[in-house]
Amino acid sequence: SIASERYRTAYHFQPPKNWINDPNGPMYYNGIYHSFYQYNPHGSLWGDIVWGHAVSTDLVNWIILEPAIERDTPADINGCWTGSATILPGGQPIVIYTGGDAENHQVQNIMLPKNRSDPYLREWTKVGNNPVLQLVGPGFNSSQFRDPTTGWIGPDGLWRIAIGAEVNGYGAALLYKSEDFLNWTRVDHPLYSSNASAMWECPDFFAVLPGNNGGLDLSAAIPEGAKHVLKVSLDQCDKYMIGVYDLKRDAFSPDTVLDDRRLWLKIDYGNYYASKSFFDSKNSRRVIWGWTNESDSSSDDVAKGWAGIYAIPRAIWLDSDAKQLLQWPVDEIESLRGNEINHQGLELNKGDLFEIKGIDSTQADVEIDFELTSIDDADPFEPSWLLDAEKHCREADASIRGGIGPFGLVILASDNMEEHTVVHFRVYKSQQKYMILMCSDLRRSSLRPELYTPAYGGFFEFDLEKERKISLRTLIDRSAVESFGGGGRLYIIARVYPVALVDERTHMYAFNNGSTTVKVPQLKAWSMMTAQVNVKKG
Ligand code: DQQ
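Computed from a prediction, not measured in an experiment: that's the story for all the values here.

(A) A look at the overall build of the protein. Counting secondary structure elements, the protein contains four helices and 39 strands. A compact globule built from 538 residues would reach a C-alpha radius of gyration of about 24 Å, and the protein, at 23 Å, matches this within 12%. Principal-axis analysis of the C-alpha atoms gives the protein an extent of 65 × 55 × 40 Å. Put simply, the protein has 538 residues, and 61% of those count as buried. Put simply, 65% of the contacts in the protein that link residues at least 6 apart link residues at least 24 apart.

As structure tokens, this is what we get:
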């Protein structure tokens, strides 16, 4: 139908049809990026999962290949679920993934490319001794044991991986060791576990250097001063902790232990799950991929014939005071920028709405700097808001005038504003520092029924004494809206389905509804071309 095509993303990865969920085994190998993905070859709802496979030279344009693996052995007959790739010394790629076995236990399996000289690594072979790992014992639950990480080498020269599990009902990343990546033994303690939550899905574990956006390869020597990050998926979002990998104990130890998991930092504050990162040796960076589900109904997905997209691959690194991760869309995405508009020296007074014209408002990349003319009128910050930023975004929405803010962008708005999505900031003063609220409010994004339309949001600290400019970059891609606030300090991806998009009649505005005037020294926006993500070749 027309709606199905209008809502299809133009440069956020999705296969030509059907359901996708978690990104699996991302890697850069011999000049090619590989993206595998949980894929239902038969329909647009979750089920019959195989590993879809796509390859790219730039993380923007993709060639879709045949699935890499299907359910055809006793160790994965009930599912080929999430897993990770590791490149062994000597250049051997190896993948470990979760299978649902004939008894419906979750077990771990290994596969290898059949022919390493095929540049696309099209065919994969499962090893004869699968499953290489099963989970038995008191306190364990063999139906909560999945999603192995990429491997890393410890000081004893042995490989390690972590696997998501539930131990006595609590979330854990179990730790395993191996000499040859085929025979594994469980270490008697987990890499990390916490009684603040149940099952952890899709753990991701990686090293980062504070203030350094060059990525680190986990299986190379970890430099002095490095920190480690443990990401886990739960509560419909991806949360992470920063800490150290204590080599003596062979365990992760977070810098701050937060007993209330509502306070754990998030990789993304919107619709984003099951992310996985990899070291990109081509560009010396760590890149993270995440899945963004639909937020329309299952019957809408059946009607569309597709469901699920990936967020733009993002470079991810640690800020200089080792407090939070920063993220930015990979530079390659800028190759899709088409006609550009540019405004300088705008001023947004209380109540102003400025229409951004001259680009395709349904497929755009918008970069805007908001400069505060004064920071005197910031409203006081209340720490309890941190427990539920979404509630705060609902209560203090774009129509509620504040001291500083709300200001931001109104996007995918219909002619009469009956439909619109708002991405906005508010500035608060907290003791010695400033806290910024960023919201992506979908509550009026569409007139269609049966959509999930929350007001997503999160807070970040910002040094306004040093820097008066708060930047916003928003990638608009039909039904996807992906925003980066404060130069990559907070990120929100969301899905919207305005009726106005079906008619291709949408508008975009910059606005300020705070009492303090904000300047816009720079506003740049581009129409975005359609990436080649849907071509079937080979
Ligand atoms: N999706 C996979 C599981 C994983 C879950 C199954 C997370 O391996 O735990 O499709 O979305």
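(B) The sheet that holds strand β36 (residues 490–495), seen in detail. Strand order in the open sheet made by the six strands is β26-β38-β28-β34-β35-β36, with antiparallel pairing throughout. Whereas interior strands pair on both sides, the edge strands pair on one side only; in this sheet they are β26 (337–348) and β36. Recorded for the sheet is a direction-independent mean angle of 10 degrees between the axes of neighbouring strands. As paired elements, β26 and strand β38 (residues 518–528) share nine bridges and run antiparallel to each other.

(C) A look at the site of the ligand. Surveying the vicinity of the ligand reveals the residues Asn21, Asp22, Gln38, Trp46, Trp81, Thr82, Arg146, Asp147, Glu201 and Tyr273. Within the backbone of Thr82, one N or O atom sits 3.3 Å away from an oxygen atom of the ligand. Note that an oxygen atom of the ligand is positioned 3.0 Å from one of the side-chain N or O atoms of Glu201. When contributions to the shell around the ligand are tallied by element, the ones reaching two or more residues are β1 (18–29) and β5 (79–88). By residue class, the composition of the shell around the ligand is three nonpolar, three polar and four charged.

(D) Examining the packing of aromatic side chains more closely. Summed over all chains, the structure comprises 38 aromatic pairs. Summarising the aromatic geometry, the rings of Trp385 and Phe459 are spaced 6.4 Å apart at their centres and angled 10 degrees between planes, so their arrangement reads as stacked. Taken together, the residues span a long stretch of sequence, with Trp385 in the loop between β29 (379–380) and α3 (389–395) and Phe459 in strand β33 (residues 455–462) at a distance of 74 residues. In this structure Phe459 comes out as buried when scored by relative accessible area, which is 10%. Among the aromatic residues, those joined into a cluster by ring pairs are Trp152, Tyr192, Trp200, Phe205, Tyr245, Phe252 and Trp264.

(E) Molecular detail of the environment of Tyr273. The topology assignment puts Tyr273 in strand β20 (residues 273–280). For the pair Tyr273 and Glu201, spaced 72 residues apart in sequence, the C-alpha separation works out to 9.6 Å. Looking at Tyr273, its side chain comes within polar contact range of the side chain of Glu201, at 2.5 Å.

(F) Region of the structure containing the domain arrangement of the protein. Once the domains are mapped, the protein shows domain 1 (2–8 + 20–331) and domain 2 (337–528). A straight line from the C-alpha centre of domain 1 to that of domain 2 covers 31 Å. Opposite the 34 residues of domain 1 that make contact, domain 2 presents 34 residues. Regarding the contact of domain 1 and domain 2, the summed buried area is about 2900 Å², with carbon and sulfur atoms giving 55% of it. The three residues of domain 1 that bury the most area against domain 2 are Arg6, Tyr7 and Tyr269, which together make up 27% of that side's buried surface. Connecting domain 1 to domain 2 are four salt bridges. Note that Glu482 is salt-bridged to Arg314, the shortest N-O span being 2.8 Å. For the side of domain 1 that touches domain 2, the elements supplying multiple residues, two or more each, are α1 (2–7), α2 (298–304) and β25 (325–329). Per-element accounting of the side of domain 1 that touches domain 2 gives the leading share, five residues, to β25.

(G) View of the state of the cysteines. The full count for this structure, using the stated rule, is one disulfide. One disulfide in the model links Cys393 with Cys439; its S-S distance is 2.2 Å. As the torsion about the S-S bond is roughly -85 degrees, the Cys393-Cys439 disulfide counts as left-handed. Separated by 46 residues along the polypeptide, Cys393 in helix α3 and Cys439 in strand β32 (residues 433–441) bring together distant segments of the chain.

(H) Spatial organisation of a nonpolar patch on the surface. On the surface, Leu258, Leu263, Leu386 and Leu387 cluster together into a nonpolar patch covering about 260 Å² of accessible area. The topology assignment puts Leu258 in the loop between β18 (251–254) and β19 (265–266).

Rules behind the numbers
Residues numbered from 1 in each chain as written. Predicted model: local features only at pLDDT ≥ 70, side-chain atom pairs only at ≥ 80, totals over all residues. Heavy atoms only, no water. Helix = DSSP H or I, 4+ residues; strand = E, 2+ residues; numbered from the N terminus. Rg over C-alpha atoms; globule rule 2.2 N^0.38 Å. Buried < 20%, exposed > 50% of the residue type's maximum accessible area, 1.4 Å probe, protein only. Contact = heavy atoms within 4.5 Å. Pairing = 2+ DSSP bridges. Axes fitted to C-alpha atoms, helices over the stretch in contact; angles between N-to-C directions. Near = heavy atom within 4 Å. Polar contact = N/O pair within 3.5 Å; in protein donor to acceptor, adjacent residues only side chain to side chain. Nonpolar A, V, L, I, M, F, W, Y, C, P; charged D, E, K, R; others polar. Phe/Tyr/Trp six-rings, centres within 6.5 Å; stacked < 30°, edge-to-face > 60°. Domains from an automatic or database assignment. Buried area = accessible area lost by both parts, 1.4 Å probe. Salt bridge = Lys/Arg side-chain N within 4 Å of Asp/Glu carboxyl O. Disulfide = S-S within 2.5 Å. Patch = residues over 30% accessible without salt bridge, like charges linked within 9 Å, V, L, I, M, F, W, Y side chains within 5 Å. Areas by Shrake-Rupley, 256 points an atom, 1.4 Å probe, with all protein chains shown as cover.

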